[in-house]
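A closer look at the structure
Each chain, written out:
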2 protein chains.
Amino acid sequence: MSLIVMKFGGSSVGDAERMKRVANRVVETQKNGHQCVVVVSAMGDTTDDLIDLTKQISTETPPTREMDMLLSTGEQVSVALLSIAIHSLGQSAVSYTGWQAGMYTEAVHGKARITDIKPERVLDALGQGNVVIVAGFQGMTEEGEITTLGRGGSDTTAVALAAAIKADVCEIFTDVDGIYSTDPRVVKCARKLPEITYDEMLELANLGAAVLHPRAVEYAKNYNVPLVVRSSFNHNAGTNVKEEAAMEQGIVVRGIASDKNVARISILGVEEKPGQLAKVFTALAQAQIDVDIIVQSGVLHGLADFSFTVALTDKDNALGVIEGIRSEVGFREVTSQENLVKVSIVGAGMVSTPGVAAKMFETISNLGLSINMVSTSEIKTSCVIDNSRLNEVIQALHTAYGLDTDVQAFVGGPSDRR
Amino acid sequence: MSLIVMKFGGSSVGDAERMKRVANRVVETQKNGHQCVVVVSAMGDTTDDLIDLTKQISTETPPTREMDMLLSTGEQVSVALLSIAIHSLGQSAVSYTGWQAGMYTEAVHGKARITDIKPERVLDALGQGNVVIVAGFQGMTEEGEITTLGRGGSDTTAVALAAAIKADVCEIFTDVDGIYSTDPRVVKCARKLPEITYDEMLELANLGAAVLHPRAVEYAKNYNVPLVVRSSFNHNAGTNVKEEAAMEQGIVVRGIASDKNVARISILGVEEKPGQLAKVFTALAQAQIDVDIIVQSGVLHGLADFSFTVALTDKDNALGVIEGIRSEVGFREVTSQENLVKVSIVGAGMVSTPGVAAKMFETISNLGLSINMVSTSEIKTSCVIDNSRLNEVIQALHTAYGLDTDVQAFVGGPSDRR
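About the thresholds
Residues numbered from 1 in each chain as written. Chains lettered and ligands numbered in written order. Predicted model: local features only at pLDDT ≥ 70, side-chain atom pairs only at ≥ 80, totals over all residues. Heavy atoms only, no water. UniProt positions renumbered as here; feature names shortened; annotations may be inferred. Helix = DSSP H or I, 4+ residues; strand = E, 2+ residues; numbered from the N terminus. Rg over C-alpha atoms; globule rule 2.2 N^0.38 Å. Buried < 20%, exposed > 50% of the residue type's maximum accessible area, 1.4 Å probe, protein only. Contact = heavy atoms within 4.5 Å. Lys, Arg positive; Asp, Glu negative; His and termini not counted. Charge placed at Lys NZ, Arg CZ, Asp CG, Glu CD. Phe/Tyr/Trp six-rings, centres within 6.5 Å; stacked < 30°, edge-to-face > 60°. Salt bridge = Lys/Arg side-chain N within 4 Å of Asp/Glu carboxyl O. Domains from an automatic or database assignment. Pairing = 2+ DSSP bridges. Axes fitted to C-alpha atoms, helices over the stretch in contact; angles between N-to-C directions. Least-squares fit on C-alpha atoms with pLDDT ≥ 70 in both. Buried area = accessible area lost by both parts, 1.4 Å probe. Polar contact = N/O pair within 3.5 Å; in protein donor to acceptor, adjacent residues only side chain to side chain. Patch = residues over 30% accessible without salt bridge, like charges linked within 9 Å, V, L, I, M, F, W, Y side chains within 5 Å. Areas by Shrake-Rupley, 256 points an atom, 1.4 Å probe, with all protein chains shown as cover. Parallel < 35°, antiparallel > 145°, perpendicular 65-115°, else oblique. Left-handed = near helix turned anticlockwise from the far one by under 90°. Nonpolar A, V, L, I, M, F, W, Y, C, P; charged D, E, K, R; others polar. pLDDT = per-residue confidence, 0-100.

If you check an unreviewed UniProt entry, chain A appears there as Aspartokinase from Paenibacillus radicis. Looking at chain A in UniProt, the text filed under Function (unreviewed entry) is "Catalyzes the phosphorylation of the beta-carboxyl group of aspartic acid with ATP to yield 4-phospho-L-aspartate, which is involved in the branched biosynthetic pathway leading to the biosynthesis of amino acids threonine, isoleucine and methionine." Heading Sequence similarities (unreviewed entry) of the UniProt record for chain A holds this comment: "Belongs to the aspartokinase family."

1. Overview of the overall build of chain A
Of the regular secondary structure elements, chain A holds 12 helices and 20 strands. For a compact globule of 418 residues, the expected C-alpha radius of gyration is about 22 Å, and chain A comes in at 23 Å, within 12% of that figure. Each of the three principal axes of chain A carries a C-alpha extent, and together these read 80 × 55 × 35 Å. Here chain A holds 418 residues, and the buried ones make up 56% of them. Of all intrachain contacts in chain A linking residues separated by at least 6 positions in sequence, the fraction that spans at least 24 positions is 76%. For chain A, the separation between the mean place of its 36 positive charges and that of its 51 negative charges on side chains is 2 Å.

2. What to know about the packing of aromatic side chains
For the structure shown, the criterion picks out nine aromatic pairs over all chains. An angle of 50 degrees between the planes, with centres 6.0 Å apart, marks the rings of F281 of chain A and F306 of chain A as tilted. A residue pair is termed long-range when its members are at least 10 positions apart, and F281 of chain A in helix α8 (residues 276–286) and F306 of chain A in strand β16 (residues 303–310) qualify at 25 residues. In this structure, F281 of chain A and F306 of chain A share a single accessibility class: buried. Taking the centre distance of 4.5 Å and the plane angle of 10 degrees together, the rings of F8 of chain B and F173 of chain B count as stacked. Of the two residues, F8 of chain B sits in strand β1 (residues 3–8) while F173 of chain B sits in strand β9 (residues 169–174), which places them 165 residues apart along the sequence. When sorted by exposure, F8 of chain B lands in the same class as F173 of chain B, which is buried. Of the aromatic side chains, those joined through ring pairs into one cluster are F281, F306 and F308 of chain A.

3. Considering the pattern of salt bridges
Side chains carrying opposite charge are able to pair once their charged atoms draw close together. All chains considered together, the criterion is met by 38 salt bridges over all chains. Ionic pairing is found between E333 of chain B and R332 of chain B, a salt bridge with its closest N-O pair at 3.9 Å. Assessed through its relative accessible area of 34%, E333 of chain B is described here as partly exposed. When salt bridges that share partners are traced, they join R65, E66 and E145 of chain A together with R121 of chain B into one network.

4. Examining the domain arrangement of chain A
Entries for chain A in the domain assignment read domain 1 (3–246) and domain 2 (263–337). Each of domain 1 of chain A and domain 2 of chain A was reduced to a C-alpha centroid, and the two centroids are 39 Å apart.

5. A short note on the sheet that holds strand β18 (residues 340–346) of chain A
Residues and elements named next belong to chain A. The strand order β13-β18-β20-β19 describes an open sheet built from four strands, whose pairing is antiparallel. Of all the strands in the sheet, just β13 (255–259) and β19 (371–376) have a single pairing partner and so form its edges. Going across the sheet, the axis of each strand differs from the next one's by a mean of 20 degrees, ignoring polarity. The pairing of β18 with strand β20 (residues 380–386) spans seven bridges and is antiparallel. In the sheet register, V343 faces β20, and the bridge partner there is C383. Along the sheet, helix α11 (residues 356–366) makes contact with β18, β19 and β20, crossing β20 at roughly 15 degrees. In the packing of helix α12 (residues 390–400) onto the sheet, contacts are made with β13, β18 and β20, and the angle to β13 comes to roughly 165 degrees.

6. Quick look at the relation of the copies chain A and chain B
The operation relating chain A to chain B is a screw motion whose rotation component is 180 degrees, with 0.1 Å of axial translation and a residual RMSD of 0.1 Å. In symmetry terms, the pair is related by a two-fold rotation axis. Using C-alpha coordinates, one finds that chain A approaches the rotation axis most closely at T73 of chain A, a distance of 2.6 Å.

7. Topic: the interface of chain A and chain B
Interfaces are frequently sized by the accessible area removed from exposure as the parts join. Taken together, the contact between chain A and chain B spans 43 residues of the former and 43 residues of the latter. Buried area between chain A and chain B, summed over both chains or domains, comes out near 3,400 Å², and the portion from carbon and sulfur atoms is 66%. The interface formed by chain A and chain B contains two salt bridges. Put simply, chain A and chain B have 18 residue pairs in polar contact (both at pLDDT 80 or more) between them. Secondary structure elements with two or more residues in the side of chain A that touches chain B: α1 (16–31), α2 (46–57), α3 (64–87) and β3 (93–96) of chain A. Looking at the side of chain A that touches chain B element by element, the count peaks at 16 residues for α3 of chain A.

8. Let's talk about a negative patch on the surface
Residue and element names in this part refer to chain A. Together, D45, D48, D49 and D52 make up a region of like negative charge exposed at the surface. Relative to the helices and strands, D48 is located in helix α2. Of the residues examined, D48 reaches a relative accessible area of 46% and is grouped as partly exposed.

9. Section: the packing of α1 of chain A against α3 of chain A
All names here are of chain A. One can describe the packing of α1 onto α3 by two numbers: an axis separation of 9 Å at closest approach and a directional angle of 60 degrees. Taken together, the axes of α1 and α3 are oblique relative to one another. Once α1 is placed against α3, the crossing between them reads as right-handed. Across from M19, V22, A23, V26 and V27 in α1, the residues of α3 making contact are S78, L81, L82, A85 and I86. Classifying every residue of the contact of α1 with α3 by side-chain character gives nine nonpolar, one polar and no charged.

10. Some remarks on unusual backbone geometry
Residues and elements named next belong to chain A. Residues other than glycine seldom take positive phi values, yet Q288 does so here, at roughly 65 degrees. With respect to the helices, strands and loops of the structure, Q288 is situated in the loop between α8 and β15 (291–300). Residue N339 is not a glycine yet carries a positive backbone phi of 55 degrees. Tracing the chain through its elements places N339 in the loop between β17 (333–337) and β18. Among the residues examined, N339 registers a relative accessible area of 52% and is labelled exposed.

11. Remarks on the confidence of the model for chain A
All names here are of chain A. In the predicted model, chain A carries a mean pLDDT of 91, and 96% of its residues have values of at least 70. Across residues 413–418, where pLDDT falls below 50, the model places 29 contacts with residues more than four positions away in sequence or in other chains. Note on the complex model: pTM 0.85, ipTM 0.84.

12. What about the pairing of strand β20 (residues 380–386) of chain B?
Residues and elements named next belong to chain B. Where burial is concerned, most of β20 is hidden: six out of the seven residues are buried. Pairing between strand β19 (residues 371–376) and β20: five bridges, direction antiparallel. By the bridge assignment for β20, S375 is matched with S382. The hairpin turn running from β19 into β20, its antiparallel successor, is three residues long.

Put into structure tokens, the structure is as follows:
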């Protein structure tokens, strides 16, 4: 008998039929002799509908505390309905809100982090033979205020709860069969990965393979919670996410990711003196702008050029910040570039295998494309390139690293992100 | 400066526009120098929509605990949206669920009674200058389970909270201008009552004048909470509900109510021996059937006949119960009658004014109708009659007791019951 945490996202419980299908799946798992804790998100469009209501009521940005009061109802509806569906199959079940399940968070509305879990009620209810259903995405502060965890919050709820109750596994049910070597909508012969390490998953998640939220993966890594990402539409095996993952013979790259939300900013003719870079990046950090790849070119006549990438959505904001420190820093000009994409190859074994990055550069060059910026870490290499031929690049890299397979990927429906 | 509890029902907050109107009303009251606690119900059809969802999911009756989890979200949505609406008017506000506001109830789902109120959070937030918005209809058990209070629950929340925080008044906003001498949709010249006693209100509420829930009135009476029933559509004065209420010169009846949910059951030829009546009514009570008027005729040859009324919706159930004790009690036959209505005149001064009941019987007789059953109490007289000419009877009684007025009643919209 295993103790299993099963997480279903909003599209998996999007309507009454899907809710019933989830109930069947849970009861089947319970009947196979397991104990089940189920974490669910709000049904389909519930969150968007609630946000629309606030827009009809107020043109201003609503207080985040009240938004949490409002949005947390979405998951509460889901857990109650799922419990009713499970009861109708003859299985006892009990639903809990975040606060009832003992999910304590910091006092930050809209994107609170979990600070503590007191799972006694969950464990008691399990001990009495119930399926326990917990509202994802939400918690409570020590003062009894309702909070939400922000994007990917339900994944985080599931993983954190799995850690707290020492579950044997946390299964993340989604609309795809598992984690793929790259987006199967782009590369038809993408390979479903039987295993992947937490670190690789983090790189892939951060780079846009939006199946698992990075925060949840981080949590799983920190508490060593075994994850399985699998489809809610079939019983295929899915992908195991864990500390160490075996590589297939002859393969060194686990997957290929891309991120279109990228812009390059270059600051040219910066007076070369200590602390200049720090000034720029401190100012950007204070404006909550994340900087990704940073490249500094050589110094000429005491003037340096450097470039970095930010999220495309942060570009104008970043340019404003830099203008604001022009007199303090002293530079000739600032340029920026859109229409870029960051392509990355990820694989835990890369660091010990020579020539992996070289093959990436060569593959991109062979397509007649130039590489704008490069960054490398122990488990990934990223190149920023022009975005016009992205799919071609991904396909070529996928082939070059021996990842092509002839098994057709299963893609079930719209993506499922909360 | 007064401390005011304002209660708005589901139709008053039925959509974004109405929600904004309520927000304006609250802010206006606050600006007039009062402290406001607002209790709201779920928006319009929310509850029905949620119940429909459960029917799509399960053909069985869902567990009441899970229904409470589900339905309590309706009020939570309302309080958050109202808070957002009030914030957008520049007034600070804070919303609370039932459990956050310290509404403790017994552990009965679907129709819990309030056992205790710990209003510290509400008082703290008021002290900080906030409008405090509390979800009606819901509470929490000592064990942290979410409960709902059943029909009229939001009225009860408002009155109980008003008692707990020692509010100066509890204003119940509804879609009519106040309490009328009878239903203004039936009698165009119905009279809006400036004042009414708790006891009279209880009789009128129980008899179908569905503006205030009896449980809320009882609570108000027990804790001596002054109530005002008034329209959410205008600023008219409304009706004060209190311990003692003045009567206008020459008027002894406060109002006329009717109840169509009534059926008569007669048990004929019952063997006359001690304890027979007790057996019948104990069996009915055990089946949760309320018996209203009871009439026993004289005894002939050691056999008695008696009749009583039950809710029409309980009739078949009651007949089954009586068949079940046939051998134990011993009687000749059971008959029943539908198509009845109970008409009542209510007035606290009736007991000290001779001839009030006689005028009722005479008025009904003058219409050529016979009276089936009669019951009287200190403040009301009820007659059970054929239901075919109810409106005519009510109009005739209204005229006979001098209640007709020439001021047109204001009726704002659909009725508002939760």
